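# Tertiary structure, described
Residues per chain are reported as follows:
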Amino acid sequence: MATTLEKLQQDIDQLAKNFANDQELDADKLRTKYLGKKGLFNELSKEIRNVANEDKKAAGKLLNSLKNDLETKLTSLEQQTTGSWVDVTLPGEQPSQGHLHPISQAIEEISGIFEKIGFTRVRYPEVDWDYYAFESLNMPDNHPARDEWETFFVDLPESKEKGKVVLTPHTSNGQVREMERLKSKPPIRMINIARCYRRQQDVTHTQMFHQFEGLVVDEGINIQHLKGTLDHFAKEFYGPEVKSRIRPFHFQFTEPSFEVDFSCHICHGTGKVRGKKCSFCKSGWHEVGGAGMVHPNVLKAGGIDPQKYTGFAFGWGVERTYTLREGLNIDDIRYFYSGDIRFLEQF
Ligand code: PHE
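In what follows, the accompanying structure is described. (Residues numbered from 1 in each chain as written. Predicted model: local features only at pLDDT ≥ 70, side-chain atom pairs only at ≥ 80, totals over all residues. Heavy atoms only, no water.)

### Points about the pairing of strand β4 (residues 163-167)
We count it as follows: At least two DSSP bridges between two strands are needed for those strands to be called paired. The helix and strand labels rest on DSSP assignments: H or I over at least four residues marks a helix, E over at least two residues marks a strand, and numbering proceeds from the N terminus.
Summarising the sheet, strand β2 (residues 127-129) and β4 pair through three bridges and their orientation is antiparallel. What sits directly across from Trp 129, in β4, is Val 165. Note that strand β3 (residues 153-159) and β4 share three bridges and pair antiparallel. Bridging from a neighbouring strand, Val 154 pairs with Val 165 of β4. Here β3 folds back onto β4 in antiparallel fashion, the turn holding three residues.

Below, the structure written as structure tokens:
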């Protein structure tokens, strides 16, 4: 039975239409049905036998283009469907697990060390009145000692009694606040850990950082209690062989005042490693912060009788204290706040 090119074209169109409307979703099955050995395309190709000899070439072209067309469509279908097949019986993918920021970990550890020896962790405002940050700490308005704290002032109305609003430049604002909270009734054993802000930024300073502040007030508190507490912290946080050292200094809110150092865990306080200067500390010691015996004027500001009670206080940077730890070797503390997960993941 002879077939004309026209009839062949109609059959080709019909097959293409059937393919387009086919309800079969499985790409494999579609391929067998249309392009398989006994598939519809091969079936249709047999018609070429019945085409007149002079039309055979044209018929071949028509069939070829149908084949190419089916091939492209099937391939794209296969690409769409691979991967979308889900084995619901497989165990689910584990969501990646986060962890506390290294500075939060340090804060938890520091709180724990002091809580074990009877301190209570408290938090006070990080945006506070000048009165708590300076005035009540024996630093009246215009006192030159204030220059030490490169303070951010907040553009808010002043209070008649408490002055301007500042971003707390140290955690010492918690001292008189804690005396007020306890209605001026010692004993006080506070550990205040909070954010602090200063106008400074370089490899060892960030504008926002953390401090922890200890305050103990009771009858008969003296420097030995302070020294004992510092030594205890040094051993718990850095290791049993680390010692603390206090050197005379000046703060308006403590008298006497000290700077606090911890011995270097690399050279054990000698300043030398195999005959050479220790490159980590250069002197055997690391300075971490300030301390002292609470000034009578501060006790008075908190309503406590300095004739009856004495106290000590200390305050350090959390970041600084933490980076001195063995093996950390962090040369730029701004990494802590860069939000770079490659850095944070290591802790
Ligand atoms: N607030 C002081 C500082 O920021 C540290 C300090 C706290 C000193 C308590 C003495 C007593 O440098």
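### Structural notes on helix α2 (residues 27-35)
Where we set the bar: The classification of residues rests on relative accessible area computed with a 1.4 Å probe and restricted to protein chains. Under 20% of the type maximum is buried, over 50% is exposed, and intermediate values are partly exposed. For this quantity, the arc is that covered by the directions from the helix axis to the C-beta atoms. The criterion used for residue contact is that any of the two residues' heavy atoms lie within 4.5 Å. What qualifies as a polar contact is a pair of N or O atoms within 3.5 Å, subject to a donor-acceptor requirement within protein and to the restriction that residues adjacent in sequence count only when both atoms come from side chains.
Where α2 is concerned, the buried positions are Ala 27, Leu 30, Tyr 34 and Leu 35. Viewed along the axis of α2, the buried residues span an arc of 85°, placing them on a single side of the element. Residues of α2 that are exposed and point more than 90 degrees away from the buried face comprise Asp 28, Lys 29 and Thr 32. Turning to α2, the residues buried within the fold contact α1 (5-21), α3 (40-45) and α4 (56-81). Backbone nitrogen of Asp 28 and a side-chain oxygen of the N-cap are separated by 2.9 Å at the start of α2; the cap is Asp 26.

### Remarks on the layout of surface pockets
The rolling of a water-molecule-sized probe over the atoms marks out the regions of remaining empty space. Rule in force here: Points on a 1 Å grid, built from protein atoms alone, make a cavity when a 1.4 Å probe fits but cannot get out and make a pocket when they are open with protein on both sides within 12 Å along at least 5 of 7 lines; residues with an atom within 4 Å of a point are the lining residues. Grid points are joined across faces, edges and corners, and a volume is the space filled by probe spheres set on the points. Residue type decides the class: Asp, Glu, Lys and Arg count as charged, Ala, Val, Leu, Ile, Met, Phe, Trp, Tyr, Cys and Pro as nonpolar, and the leftover types, Gly among them, as polar.
Here the largest pocket is characterised by a volume of approximately 1,100 Å³. Those elements that provide at least two residues to the lining of the largest pocket are β6 (208-218), β7 (244-251), β8 (254-263), β11 (285-294), β12 (310-317) and α10 (318-323). Sort the elements by how many residues they give to the lining of the largest pocket and β11 lands first, with seven residues. Taken together, the residues that form the lining of the largest pocket break down as 18 nonpolar, 19 polar and ten charged. In this structure, the second largest pocket spans a volume of roughly 280 Å³. Taken together, 16 residues make up the lining of the second largest pocket; nearest its centre are Asp 130, Asp 141, Arg 146, Phe 153 and Lys 164. Among the secondary structure elements, those contributing two or more residues to the lining of the second largest pocket are α6 (130-133), β3 and β4. Here the residues of the lining of the second largest pocket are counted per class, giving four nonpolar, two polar and ten charged.

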